[in-house]
Amino acid sequence: SSDLADVSVAQAQAALVRAQADRADAAEALASAAAIAPGSLAIVGGSVPPLGFSLDEVRATERALAMRPELASLLATIDARRADVTTARRSGIPNATVSGGYARGVDSELPVQGPAVTAHVDLPIASGAGARTSSALAQVEIAQAQLVDERRTIALEVGSAVRDARAQAAALHAAMAARDEAARALAAVQTGYREGASSSLDVADARRTYEQAAIDSLVAQYQQAQALAALEDIVP
């Protein structure tokens, strides 16, 4: 009946208003997070743009392993521990010094002259060099194990972040395609309405579908921005 049709139209229009409000809220939230003007997000048509970046797990992992400061710190620690090992080993080795020259003087009222050599050897007594060397070597092994573990953790983090960013890029691509398709469907229904082939309910329903698709597109943009920001934190 006409009364039921009027109710359906009213419900569709109410749903449309809510969808438009949700879209405005999503645009404002995204613009605030991205520090841009909300009006720049009011794109209602156009084709899906190609992805402007390439996400490669191997390259991202290599860059992170080369640039992460915690790895540089661990490498410096290993170098310092190795220097400690060298010092400990040297502490147990006798220290010998040799000096030479030319001597000239008088011995038993006879002039004496000629080359002279002096040697001096310091022998460590109960130095404990072996124990110190073993302790220093243990510290090197601990630092090396920490480096291996940290590299493994970073590689896992980078791989996860790259896959997430790639998935969000694909989701945005699909959401924008759905939005464009909804825009084309809305245009077709509006044309049909003007020609008497569609009802106002059809128009309201198509517009609500488009608004929801636009919301999904904005949400996908926000989620992709979050994924890329997380990846930038992990890969300097």
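Residues numbered from 1 in each chain as written. Predicted model: local features only at pLDDT ≥ 70, side-chain atom pairs only at ≥ 80, totals over all residues. Heavy atoms only, no water.

(A) Seen up close, the overall build of the protein. Per the secondary structure count, the protein includes 5 helices and 2 strands. Beginning at the N terminus, the succession of helices and strands in the protein can be written as α-α-α-β-β-α-α. Across the 236 residues of the protein, 26% fall into the buried class. If you take every contact in the protein between residues at least 6 apart in sequence, the share linking residues at least 24 apart comes to 76%. (Helix = DSSP H or I, 4+ residues; strand = E, 2+ residues; numbered from the N terminus. Buried < 20%, exposed > 50% of the residue type's maximum accessible area, 1.4 Å probe, protein only. Contact = heavy atoms within 4.5 Å.)

(B) Molecular detail of the environment of Thr191. Topologically, Thr191 is positioned in helix α4 (residues 129-194). The class of Thr191 is partly exposed, set by a relative accessible area of 31%. Taking C-alpha positions, Thr191 is 9.5 Å from Val203, a pair spaced 12 residues apart along the chain. Engagement of the side chain of Thr191 in a polar contact is seen with the backbone oxygen of Ala187, the distance being 2.9 Å. (Polar contact = N/O pair within 3.5 Å; in protein donor to acceptor, adjacent residues only side chain to side chain.)

(C) The arrangement of helix α3 (residues 69-90) in detail. Taking 1.5 Å as the rise per residue, α3 with 22 residues should run 32 Å; its terminal C-alpha atoms sit 32 Å apart, in good agreement. For α3, the set of buried residues is Leu71, Leu74, Ile78, Val85 and Ala88. Down the axis of α3, the smallest arc covering the buried residues is 90°, so these residues share one side. Residues of α3 that are exposed and angled more than 90 degrees away from the buried face: Pro69, Thr87 and Arg90. (Expected span 1.5 Å × (residues − 1). Arc of directions from axis to C-beta.)

(D) Summary view of the side chain of Thr61. Structurally, Thr61 is set in helix α2 (residues 57-67). Other than its neighbours up to four places away in sequence, Thr61 contacts Ala155 and Val158.

(E) Inspection of the nonpolar core at higher detail. Val158, Val162, Leu231 and Val235 are the most contacted members of the largest nonpolar core, which has 17 residues in total. For this core, the elements supplying multiple residues, two or more each, are α2, α3, α4 and α5 (200-234). The element that contributes the greatest number of residues to this core is α4, accounting for 7 residues. Setting aside residues no more than four positions away along its own chain, Val162 makes contact with Leu55, Asp56, Glu57, Ala60 and Leu231. Within the second largest apolar cluster, 8 residues are counted, among which are Leu186, Val189, Val203 and Tyr210. (Core = buried A, V, L, I, M, F, W, Y, C linked by side-chain atoms within 4.5 Å.)

(F) Up close: the environment of Ala183. For Ala183, the location among the structural elements is in helix α4. What makes Ala183 partly exposed here is its relative accessible area of 21%. On a C-alpha basis, the gap between Ala183 and Tyr210 in space is 5.9 Å, while along the polypeptide they are 27 residues apart.

(G) Region of interest: the pattern of salt bridges. Evaluation of the coordinates by the stated rule reveals 8 salt bridges. Of the charged contacts in the structure, one is a salt bridge between Glu57 and Arg166, with a shortest N-O distance of 3.0 Å. Of this pair, Glu57 sits in helix α2 while Arg166 is found in helix α4, placing the two residues 109 residues apart along the sequence. Residue classification places Arg166 among the partly exposed residues on the basis of a relative accessible area of 36%. (Salt bridge = Lys/Arg side-chain N within 4 Å of Asp/Glu carboxyl O.)

(H) Quick look at the confidence of the model for the protein. For the protein, per-residue confidence averages 74 on the pLDDT scale, and 61% of positions sit at 70 or higher. Scored below 50 in pLDDT, residues 1-7 makes 0 contacts in the model with residues more than four places away or belonging to other chains. (pLDDT = per-residue confidence, 0-100.)

(I) Quick peek at the environment of Glu211. Residue position: Glu211 is located in helix α5. Between the C-alpha atoms of Glu211 and Ala183, which are 28 residues apart in sequence, the distance is 8.9 Å.

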